[in-house]
Amino acid sequence: MTEQQLPEGWQMVKFGDIAEHLSKRINPVVGDEAKYIGLEHLDSGSLVVERWGSSVPLKGQKLAIRKGDILFAKRNAYLKRVAIAPFDGIFSAHGMVIRPIGNLVIPEFLPIFMQSKEFMDRAIAISEGSLSPTIKWKTLALQSFIFPSIELQIKIVDNQRAVQRLIDANYELLKSAKKLLVSQIINTFRPSKDWTSYRLSELCEVKGGRQRNPENTTGLRPYKYLRPANIKRGEWRLDDVKDMDFSEDELKIYSLTPGDILLVEGGEAEDVGDPAFWEDNISETVCFQNTLIRLRAKKNKISSKNLFWLMTFLHKSGTFRAIAAGTKIKHIGTKNTSMLSVKMPKDISSLDKSINALEITRANIFALDAKLISVKSLYHSMLAEQLKE
């Protein structure tokens, strides 16, 4: 589209004419972990940073940020992560710190524009590299965009703020529900004096997964398998499930059945022991890698649901972190997991009523998550409509 063909009040601008790139680098010192924002803390499609901090000392240079700065993940742009800094602190060096400049943009509009399909599609298109595509500022600064008038920018900001208030309200409800769930979990599994100690292996079968190597990735007998990337905070992430060869005998050992629980065997401290409950989430044979541990409840001892919530308690209470070996990458191992001592009522089924309450709260969290996704979709569809030339 030429300048003459633009709608009235619109103009063609280069990104570098409306935004500047801040790259003040600092070397973190002890204590900076509390105010660190990494790419993993940015949520796709949301300008709000809901979590931050690192459980391990920070290494390498980071970027200095001020409250209100735009934080943009220049690595893996397809994840569409852009947010507004909630405080003065430090940001991952795999991101960009951006501030609006000039008289062609109002400050509140720039982060909203950077969430638009037009901007994100271009960011993805100019990313360089295969394994972890990254954007260079010099390339981004030269990109031309069709940009609305100041008057329309103000209108868009006002409209988007109204939807953002809905998003914020749903976030608050979701945060409250998650806090309630944690409180319920702690109250349910806080041991009483008359509770019995068990080795975990007394309550369930503990099995490590199949090791992945070039010999079993030829595609002769491919089956889907799960790995730590498919589990996050007790929920499944099944948009990237890979294949690996399994023989008939191996399928008998490593395939999942409904009611199985998978634990993350190794990773960062906050990830080890993260459990997820398998409910035949993929309608075909699915196996698991040796970076996960499968627990299969012994039905005469404990139900699968009770076992899952016990594992959730152990994860949230830090029990798995306590038995993990390693420095930055932690491992709990099948042996340590099998030998883990847990306390439960002599009649474990006496917890059923409390477990049902946990299930109800968790269902409410899923419903709130779905509503939040719907409101976010409204936010982005409105933005797309308002930015039509």
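Analysis parameters
- The numbering scheme is per chain: residues are counted from 1 as the chain's sequence reads.
- With pLDDT at 70 or above as the cut-off, local features in this predicted model cover only qualifying residues; side-chain atom pairs require 80 or more to be listed or tallied, and sums for whole chains, interfaces and linings still use all residues.
- Side-chain calculation: all heavy atoms of the structure are included, whereas hydrogens and water are not.
- Runs of E in the DSSP output that reach at least two residues are strands. Runs of H or I that reach at least four are helices, and both are numbered from the N terminus.
- Exposure categories follow from relative accessible area, calculated using a 1.4 Å probe and restricted to protein chains: below 20% of the type maximum is buried, above 50% is exposed, and the middle band is partly exposed.
- Whether two residues are in contact is decided by their heavy atoms, any of which lying within 4.5 Å being enough.
- What sets the accessible areas is the Shrake-Rupley method with a 1.4 Å probe; for residues, cover comes only from the shown protein chains.
- Charged residues are defined here as Lys and Arg on the positive side and Asp and Glu on the negative side; His and the ends of the chain fall outside this count.
- Lys charges are placed at NZ, Arg charges at CZ, Asp charges at CG and Glu charges at CD.
- Here, the term nonpolar core denotes a set of buried Ala, Val, Leu, Ile, Met, Phe, Trp, Tyr and Cys residues that are joined through side-chain atoms within 4.5 Å.
- Orientation is described by axes fitted as lines to C-alpha atoms, over the contacting stretch for helices, and by angles from 0 to 180 degrees between their N-to-C directions.
- Angular relationships are summarised with four words: roughly parallel below 35 degrees, roughly antiparallel beyond 145, roughly perpendicular across 65 to 115, and oblique for the angles in between.
- In this description, strands pair whenever DSSP reports at least two bridges between them.
- Note on aromatic pairs: the rings of Phe, Tyr and Trp (six-membered ring only in Trp) are paired at centre separations within 6.5 Å, and the planes decide the class, stacked below 30 degrees, edge-to-face beyond 60, tilted for the rest.
- To count toward a patch, a residue needs a relative accessible area over 30% and no salt bridge; like charges are then connected within 9 Å, while nonpolar side chains (Val, Leu, Ile, Met, Phe, Trp, Tyr) are connected within 5 Å.
- Think of a salt bridge as a Lys or Arg side-chain nitrogen and an Asp or Glu carboxyl oxygen that are within 4 Å of each other.
- Note on terminology: pairs of cysteine sulfur atoms within 2.5 Å are recorded as disulfides.

A.B. asks: Even after reading the chapter, I still don't get the overall build of the chain, so can you show me in this structure?
C.D. replies: When helices and strands are counted, the chain shows 11 helices and 23 strands. Overall size of the chain, expressed as C-alpha extent along the three principal axes, is 75 × 50 × 45 Å. Across the 389 residues of the chain, 47% fall into the buried class. Across the chain, every contact between residues at least 6 apart in sequence was considered, and the portion connecting residues at least 24 apart equals 78%. When the accessible area of the chain is evaluated, it comes to approximately 19,700 Å², of which 52% is carbon and sulfur surface. Measuring between centres, the 56 positive side-chain charges of the chain sit 5 Å from its 46 negative side-chain charges.

A.B. asks: I'm lost on the nonpolar core in this one. Help?
C.D. replies: In summary, soluble globular proteins display a tendency toward joint burial of nonpolar side chains. Counting 79 residues, the largest nonpolar core has Phe 15, Phe 72, Ile 98, Phe 119, Phe 189, Leu 295 and Met 311 as the members making the most contacts within it. Per-element accounting of this core gives the leading share, 10 residues, to helix α5 (residues 150–189). Filtering out sequence-adjacent residues up to four positions away, Leu 295 remains in contact with Leu 200, Cys 204, Glu 205, Val 206, Asp 260, Ile 261, Leu 263, Leu 307 and Met 311.

A.B. asks: For this particular structure, what's the right way to read the packing of α5 against helix α11 (residues 352–386)?
C.D. replies: Contact geometry of α5 with α11 gives a least axis separation of 9 Å together with a crossing angle of 170°. In terms of axis orientation, α5 runs roughly antiparallel to α11.

A.B. asks: What's the story with the sheet that holds strand β19 (residues 275–277) in this structure? I'm lost.
C.D. replies: Sheet strands associate in pairs through backbone hydrogen bonding, adopting either a parallel or an antiparallel arrangement. The sheet built from 4 strands is open, its strands ordered β12-β21-β17-β19 with antiparallel pairing. Either end of the sheet is taken by a strand with one partner, and the two such strands are β12 (204–208) and β19. On average, adjacent strands in this sheet sit at an angle of 25° to one another, irrespective of strand direction. Two elements, β12 and strand β21 (residues 292–297), share 5 bridges in a ladder whose sense is antiparallel. Its bridge partner lying in β21, Cys 204 is registered against Ala 297. Where helix α8 (residues 304–316) meets the sheet, its contacts fall on β12, β17 (261–264), β19 and β21, and the angle it forms with β19 comes to roughly 160°.

A.B. asks: Looking at this structure, I do not really get the sheet that holds strand β2 (residues 19–22). What am I missing?
C.D. replies: Taken together, 4 strands build an open sheet; the order of strands is β2-β9-β6-β7 and the sheet is antiparallel. Strands with a single pairing partner mark the edges of an open sheet, and in this sheet they are β2 and β7 (82–84). Direction aside, the axes of adjacent strands within the sheet are offset by 35° on average. Here 3 bridges tie strand β6 (residues 70–73) to β7, and the two strands are oriented antiparallel to one another. Following the sheet pairing, Phe 72 is matched in β7 by Val 82.

A.B. asks: I tried to follow the packing of aromatic side chains on my own but got confused; where do I start?
C.D. replies: Aromatic ring pairs are described here by two measures, namely the spacing of the ring centres and the angle between the planes. Inspection of every chain in the model, using the stated rule, returns 17 aromatic pairs. Here Phe 113 and Phe 145 contribute two aromatic rings whose centre-to-centre distance is 5.4 Å and whose plane-to-plane angle is 85°, an arrangement assigned as edge-to-face. A residue pair is termed long-range when its members are at least 10 positions apart, and Phe 113 in helix α2 (residues 109–113) and Phe 145 in strand β10 (residues 144–147) qualify at 32 residues. Comparing Phe 113 with Phe 145 shows no difference in burial state: the two are buried. Pairing Phe 246 with Tyr 254 gives two aromatic rings, centres 6.4 Å apart and planes at 55°, and the pair type is tilted.

A.B. asks: Explain a nonpolar patch on the surface to me, please; I cannot follow it from the model alone.
C.D. replies: Taken together, Tyr 78, Leu 79 and Ile 124 make up a surface patch of nonpolar side chains, about 260 Å² in accessible area. Following the sequence through the fold, Tyr 78 ends up in the loop between β6 and β7.

A.B. asks: Explanation requested: the pattern of salt bridges in the structure shown.
C.D. replies: Any two side chains of opposite charge can pair if their charged atoms end up close together. For the structure shown, the criterion picks out 20 salt bridges. Asp 274 is paired through a salt bridge with Arg 233; the nearest N and O atoms lie 3.6 Å apart. Of this pair, Asp 274 sits in the loop between β18 (266–267) and β19 while Arg 233 is found in the loop between β14 (231–232) and β15 (235–236), placing the two residues 41 residues apart along the sequence. For Asp 274, a relative accessible area of 2% corresponds to the buried category. A single salt-bridge network, built from bridges that share partners, covers Lys 232, Arg 233, Glu 270, Asp 271 and Asp 274.

A.B. asks: Looking at this model, I keep getting lost on the state of the cysteines. Mind explaining?
C.D. replies: Formally, a disulfide is one covalent bond, and it connects the sulfur atom of one cysteine to the sulfur atom of another. For the structure on display, the rule yields 0 disulfides. The cysteine Cys 204 is free of any disulfide, with Cys 287 supplying the nearest cysteine sulfur at 19 Å. Since its relative accessible area comes to 1%, Cys 204 is described here as buried. For Cys 287, a relative accessible area of 0% translates into the label buried.

A.B. asks: What is the right way to read the pairing of β6 from this model?
C.D. replies: Along any regular strand, the residues point their side chains to alternate faces of the sheet. Of the two faces of β6, both are covered, the one formed by Ile 70 and Phe 72 as well as the one formed by Leu 71 and Ala 73. Pairing analysis gives 4 bridges linking β6 to strand β9 (residues 95–100), with the strands arranged antiparallel. Within the sheet, the bridge partner assigned to Phe 72 lies in β9 and is Met 96.

A.B. asks: What exactly am I supposed to notice about the environment of Asn 281 here?
C.D. replies: As for its position among the elements, Asn 281 is in the loop between β19 and β20 (286–288). The class of Asn 281 is partly exposed, set by a relative accessible area of 35%. When residues no more than four places from it in sequence are discounted, the contact partners of Asn 281 are Trp 236 and Leu 238.

Distances and angles like these do not, on their own, reveal function.
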